[in-house]
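What follows is the residue order along each chain.
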Amino acid sequence: MTSRIGVAVLIFATLQLGNAANAPETMDGYSPAHAAAEREWETKFRSLPDPDGMRNFMQRLSARPHNVGSPYDKDNAEWMLAKFKEFGFDAHIETFDVLFPTPKERGVELLAPTHFVAKLQEPPLSVDPTSQQTSEQLPTYNAYSIDGDVTGPLVYVNYGMREDYEQIERLGVSVKGGMVIARYGGGWRGIKPKVAAEHGAVGCLIYSDPRDDGYFEGQEYPAGPYRPPDGVQRGSVMDTDYPGDPLTPGVGATKDAKRLSLAEAKVITKIPVLPISYADAQPLLAAITGPVAPDTWRGALPITYRIGPGPAKVRLVVKSNWDLTTIYDVIAKIPGNETPDQWVIRGNHHDAWVNGASDPISGMSVVLEEARALGELMRQGWRPKRTIIYCAWDGEEPGLLGSTEWVEEHQDELRQHAVMYLNSDSNGRGYLNIGGSHTLERVVNQVERDIQDPEKHISVWKRSYLRNVARAASADDRQELRDRSELRIGALGDGSDYAPFLDYAGVAALNMGFGGESPGGVYHSIYDDFYWYTHFGDTKFVYERALAQMGGTTVMRFADADLLPFDPAGSADTIKRYISELKKELKQKQDEVRERNREVEEGVFTATADPDKQYVAPSKQPLPPYLNFAPLDNGVEAYVRAAQRYRQAVGKLNENAGEAWQSSALQEINAKLLQLERTFTTAEGLKERPWFKHQIYAPGAYTGYGVKTIPAVREALEEGKWQDADQGSVTVGQILMREASLVDSLAEQLEQAEGQPPATQTAQQATTNSRKEQKQPAGR
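Note that this is a predicted model, so its numbers are computed, not measured.

Engineer: Help me get a handle on the overall build of the protein, residues and values and all.
Structural biologist: A tally of helices and strands in the protein yields 26 helices and 16 strands. Long-range contacts, defined here as pairs at least 24 residues apart, represent 80% of the contacts in the protein between residues at least 6 apart. As displayed, the protein offers around 29000 Å² of accessible surface, 50% of which is attributable to carbon and sulfur atoms. If you average the places of the 84 positive and of the 108 negative side-chain charges in the protein, the two averages end up 3 Å apart.

Engineer: An account of the packing of helix α2 (residues 32–46) against helix α9 (residues 357–379) is needed here, citing residue identities and associated values.
Structural biologist: Helix packing for two helices is described by the angle between their axes and how far apart those axes are. Packing of α2 against α9 leaves a shortest axis separation of 9 Å and a crossing angle of 130 degrees. By the angle between their directions, the pair α2 and α9 is classed as oblique. Here α2 runs over α9; the crossing is right-handed. Residues W41, K44 and F45 of α2 touch α9, and the partners they reach there are E370, A373, L374 and L377.

Engineer: Could you give an account of α9, naming the residues involved and the relevant values?
Structural biologist: If you check α9, its first and last C-alpha atoms are 31 Å apart, about what 23 residues at 1.5 Å a residue would give, namely 33 Å. Among the 23 residues of α9, 20 are classified as buried, and the element is accordingly described as predominantly covered.

Engineer: I'd love a proper account of the pairing of strand β6 (residues 203–207), names of residues and values included.
Structural biologist: A large share of β6 lies buried, amounting to five of its five residues. Neither face of β6 is open: one carries G203, L205 and Y207, the other C204 and I206, and all of them are buried. A crossover connection joins strand β5 (residues 179–183) to the parallel β6 through helix α6 (residues 191–198); in handedness this β-α-β unit is right-handed. The pairing of β6 with strand β8 (residues 273–276) spans four bridges and is classified as parallel. Bridge pairing links Y207 to I276 in β8.

Engineer: Residue-level account of a negative patch on the surface, with values.
Structural biologist: Negative charge collects at one region of the surface, where D256, E409, D412 and E413 lie side by side. Assignment of secondary structure puts D412 in helix α12 (residues 411–417).

Engineer: How would you summarise the packing of aromatic side chains if you had to cite specific residues and measurements?
Structural biologist: All chains considered together, the criterion is met by 25 aromatic pairs. For the pair Y156 and Y305, a centre-to-centre distance of 5.7 Å together with 50 degrees between the ring planes defines the contact as tilted. Taken together, the positions of Y156 in strand β4 (residues 148–156) and Y305 in the loop between α8 (278–286) and β9 (313–334) put the pair 149 residues apart, joining distant regions of the chain. What makes Y156 buried here is its relative accessible area of 0%. Plain terms: the ring middles of W406 and F501 are 6.3 Å apart, the flat faces sit at 45 degrees to each other, and that makes the pair tilted.

Engineer: Lay out the pattern of salt bridges in plain terms, naming residues and giving numbers.
Structural biologist: Between side chains of opposite charge, a pair can form as their charged atoms come close. Scanning the model with the defined rule gives 51 salt bridges in all. Here K266 ties to D241 by a salt bridge, and the two come within 3.5 Å at their closest N and O atoms. In this pair, K266 sits in the loop between β7 (235–236) and β8 while D241 sits in the loop between β7 and β8, placing the two residues 25 residues apart along the sequence. Look at K266 and you get partly exposed, because its relative accessible area is 47%. Residue classification places D241 among the buried positions, given a relative accessible area of 15%.

Engineer: For the packing of helix α3 (residues 51–61) against helix α18 (residues 542–559), give the residues involved together with the corresponding values.
Structural biologist: The N-to-C vectors of α3 and α18 enclose an angle of 100 degrees; their axes lie 9 Å apart at closest approach. When the axes of α3 and α18 are compared, the pair comes out roughly perpendicular. Contacts between α3 and α18 involve P51, M54 and M58 from the former and E544, R545 and A548 from the latter. Residues that form the contact of α3 with α18 fall into these classes: four nonpolar, no polar and two charged.

Engineer: For the side chain of H524, give the residues involved together with the corresponding values.
Structural biologist: Mapped onto the fold, H524 is located in the loop between β14 (509–516) and α17 (530–536). A polar side-chain atom of H524 sits 3.2 Å from a polar atom in the side chain of E397. Leaving out residues up to four positions away in the same chain, H524 has contacts with R189, V232, Q233, R234, G235, W353, D359 and E397.

Engineer: Which residues make up helix α5 (residues 162–170), and what values go with them?
Structural biologist: Looking only at α5, the buried set comprises D164, Y165 and I168. One face of α5 carries all of its buried residues, which in axial projection span an arc of 100 degrees. Where α5 is buried, its residues contact β4, β5 and α6. Backbone geometry just after α5 places G172 at a positive phi near 75 degrees.

Engineer: Go over the confidence of the model for the protein, please, and point to the residues and values.
Structural biologist: Summing up the model confidence of the protein, the mean pLDDT is 93 and the portion of residues at 70 or higher is 93%. A low-confidence stretch, residues 1–24 stays under pLDDT 50, and its non-local contacts, those more than four residues away or across chains, total 41 contacts.

Engineer: Give me the lowdown on the nonpolar core, citing residues and values where you can.
Structural biologist: One finds V108, I181, Y207, L285, Y390, L563 and I575 to be the most contacted residues of the largest nonpolar core, which totals 213 residues. It is helix α25 (residues 722–753) that provides the largest number of residues to this core, a total of 12 residues. Excluding its chain neighbours within four sequence positions, the residues that come into contact with I575 are V636, Y639, F680, I696, I710 and L736. Within the second largest apolar cluster, six residues are counted, among which are W461, V469, A472 and L487.

Engineer: Tell me about the pairing of β5, and name the residues and values.
Structural biologist: Looking down a regular strand, the side chains alternate between one sheet face and the other. Counting buried positions along β5 yields five of five residues, so the element is predominantly enclosed. Residues M179, I181 and R183 point to one face of β5 and V180 and A182 to the other, with burial holding for every one of them. Note that β4 and β5 share three bridges and pair parallel. Residue pairing in the sheet places L154 in a bridge with M179 of β5.

Engineer: If you had to explain unusual backbone geometry to someone new, which residues and values would you point to?
Structural biologist: Cis geometry is adopted by the peptide bond preceding P113, which originates at A112 and carries an omega value of 0 degrees. Mapped onto the secondary structure, P113 falls in the loop between β1 (90–112) and β2 (116–117).

Engineer: Just give me the short version of the environment of C204, but keep the residues and values in it.
Structural biologist: Mapped onto the fold, C204 is located in strand β6. Each C-alpha atom, one on C204 and one on P193, is 5.8 Å from the other, the two residues being 11 residues apart in sequence. Ignoring sequence-local partners within four residues, the contact set of C204 consists of M179, V180, K192, P193, I271, P272, V273, L274 and L316.

Engineer: Summarise the side chain of R647; cite the residues concerned and give the values.
Structural biologist: Relative to the helices and strands, R647 is located in helix α21 (residues 630–654). A relative accessible area of 10% places R647 in the buried class.

Engineer: An account of the environment of R162 is requested, with residue identities and associated values reported.
Structural biologist: Here R162 is to be found in helix α5. You can call R162 partly exposed: its relative accessible area is 28%. R162 sits 401 residues away from L563 along the chain, and the two C-alpha atoms are 47 Å apart. Sequence-distant contacts of R162, that is, excluding residues within four places in its chain, are made with V195, Y702 and E719.

Engineer: Quick one: what's the story with the environment of H350, residue by residue and with numbers?
Structural biologist: Here H350 shows up in the loop between β10 (339–349) and α9. Taking C-alpha positions, H350 is 19 Å from A373, a pair spaced 23 residues apart along the chain. Excluding its chain neighbours within four sequence positions, the residues that come into contact with H350 are H66, D73, A77, M80, Y328, P360, I361, M364, A392, W393 and D394. Side-chain polar atoms of H350 contact the side chain of D73, separated by 3.4 Å. A distance of 2.9 Å separates the side chain of H350 from the backbone oxygen of Y328, its partner in a polar contact.

Conventions and cut-offs
- Residues numbered from 1 in each chain as written.
- Predicted model: local features only at pLDDT ≥ 70, side-chain atom pairs only at ≥ 80, totals over all residues.
- Heavy atoms only, no water.
- Helix = DSSP H or I, 4+ residues; strand = E, 2+ residues; numbered from the N terminus.
- Contact = heavy atoms within 4.5 Å.
- Areas by Shrake-Rupley, 256 points an atom, 1.4 Å probe, with all protein chains shown as cover.
- Lys, Arg positive; Asp, Glu negative; His and termini not counted.
- Charge placed at Lys NZ, Arg CZ, Asp CG, Glu CD.
- Axes fitted to C-alpha atoms, helices over the stretch in contact; angles between N-to-C directions.
- Parallel < 35°, antiparallel > 145°, perpendicular 65-115°, else oblique.
- Left-handed = near helix turned anticlockwise from the far one by under 90°.
- Expected span 1.5 Å × (residues − 1).
- Buried < 20%, exposed > 50% of the residue type's maximum accessible area, 1.4 Å probe, protein only.
- Right-handed = clockwise from strand over helix to strand, strands pointing away.
- Pairing = 2+ DSSP bridges.
- Patch = residues over 30% accessible without salt bridge, like charges linked within 9 Å, V, L, I, M, F, W, Y side chains within 5 Å.
- Salt bridge = Lys/Arg side-chain N within 4 Å of Asp/Glu carboxyl O.
- Phe/Tyr/Trp six-rings, centres within 6.5 Å; stacked < 30°, edge-to-face > 60°.
- Nonpolar A, V, L, I, M, F, W, Y, C, P; charged D, E, K, R; others polar.
- Polar contact = N/O pair within 3.5 Å; in protein donor to acceptor, adjacent residues only side chain to side chain.
- Arc of directions from axis to C-beta.
- pLDDT = per-residue confidence, 0-100.
- Core = buried A, V, L, I, M, F, W, Y, C linked by side-chain atoms within 4.5 Å.

Structural data, given as structure tokens:
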């Protein structure tokens, strides 16, 4: 087995390598004749996006608060519908009725040792006109917090992640029966009340510390971009079992949909939770005594950060209106003129917590401008080969409501017709950041090379490459950057509207946006508005233009291709890295437990603890067993080999200017290419979160936004569920074998279309050769 893997990897690596800085210009998926025409149309498209137009879109869409259920949310949807029709799209609005709680009563009161009542109010600013629209603004709150009126001693838990509670336990502190206060950051906000409830807390407060996005980083708004003392981050705290409407998991939330009761909805928090400003948090934190917080837990407030519990005693009241609310998705289409039953989908959400100029209108304005430019191309005679669908989603902020319900309602059609989904959300200044399905990595790198950075006047690809070189953690990382022809893209977890497409429907997805040079602290507050963005965001709207160029070119590249430009090689290479990571993680856990157990036996913890301070030494833990990674190794070996064969076949097709491009086999191959991402899914989904069907990418149960790759194995490994990890290895190994067989069959069809003799070594043979190995028990 080792020798076969080595040969396959060597061949694969040779195909992957190239001088990154001087990689040749290519256009995968296009015949030589068609490539020239496509480049001409794409160049025309990129000349059209107008910064002033996007500024006008933003000013209009962010003019008033437009949260789910607000009058201006519906007004925006209807205005965008008219715009899409004006641009030449066939457009309509689809509505869904979703559970969207809004605050009815909120209260935070310090009862002891002194008395203080939190303001829970963001004050308007005289220089910021829309911050003064107080009657239309949603109060500061966390959506999907359970109702409650609870009181308890206050305990500071840093970011409120699981590792923070492990440290608290070492200090002999318990949060059982207490009220925890955590700062934003370190992980998704919804994990904080989840973990607090698991440790017995009765309530949870989340505040924004100035060290993270306030005066510690720079000037406060309005003098600078950072969070002012009374600024508050609203946001959803829905649990991670599934996104979308809490009452209709797996089906579209239409008027006649069968709904769960509120008590049956697994994603509602178990304890009440409320966000507060650091102005409201400071008196609460200052009233805590007990152990001094570790260095890394200390924020930037002028207090001594202590853990507690108490003597600060806090009462928290959260009560909501638990109403069904109508949301408005705008769906706009350009029918394909050759293959209308294949859909290239582009989307961004339009709802906000308040005015939302940055989140989401900086992205939504780009999508509208792309649509306007495509409409202009149609007036010049261009027509896409495939159907293009542009979407303005409602209800993303509370929990990806609009996109998830649309995907669930149209799931059968999407699995049959969807080519890929391209998402954006917020956009700023700086570097292009891309995450997504790794079958799309190669083509998105090619598109990046065609887009110019508006500040540096080099391609956005080149600028990202040079940043990565500058920030490389090691010489090996720098060498890989210089040798590899493509920049790696990140994997997607959760956090925006790509999730239902990728995680549930198995549609290959990308998420992209610029950032890194327009930091700030107004996220989900009343200060994320047109005034802030035009002073501290992409003030000239030139990166808005660059994102429109990038997004629209990517859509055209897929909509017009002769052969859909998926590249299994990038996926196979990435999955091989994930499997290596799993092995390293297991070894690290074994080494850590082995060392800690030895130190427990030696008495290290008790001997080094300060006798004047309370401390609970850890106990010995069972040593993690060895796991059976053979199914994963066999599966990825077959996938690497099949991907290498497919890339060779595509390379020969690219060299062929003749009849191969006219072959009717390309239509069948394109239809099968849609299954590349679907094959990574299972109908059963993940064992503990069956809504998530994808077996390569999923948001973590305890990370939320953060991805867990090969989640059936990785999460089981992290949780110490060793049998589940072994079973996950078998499941994913079988999926990789199926993927290899699919890619092999595609390569064979391409070879036949080109008149080549088929390759002799196939993934089907690899499947047969490895069945014995996959049936062997775990090597424990």
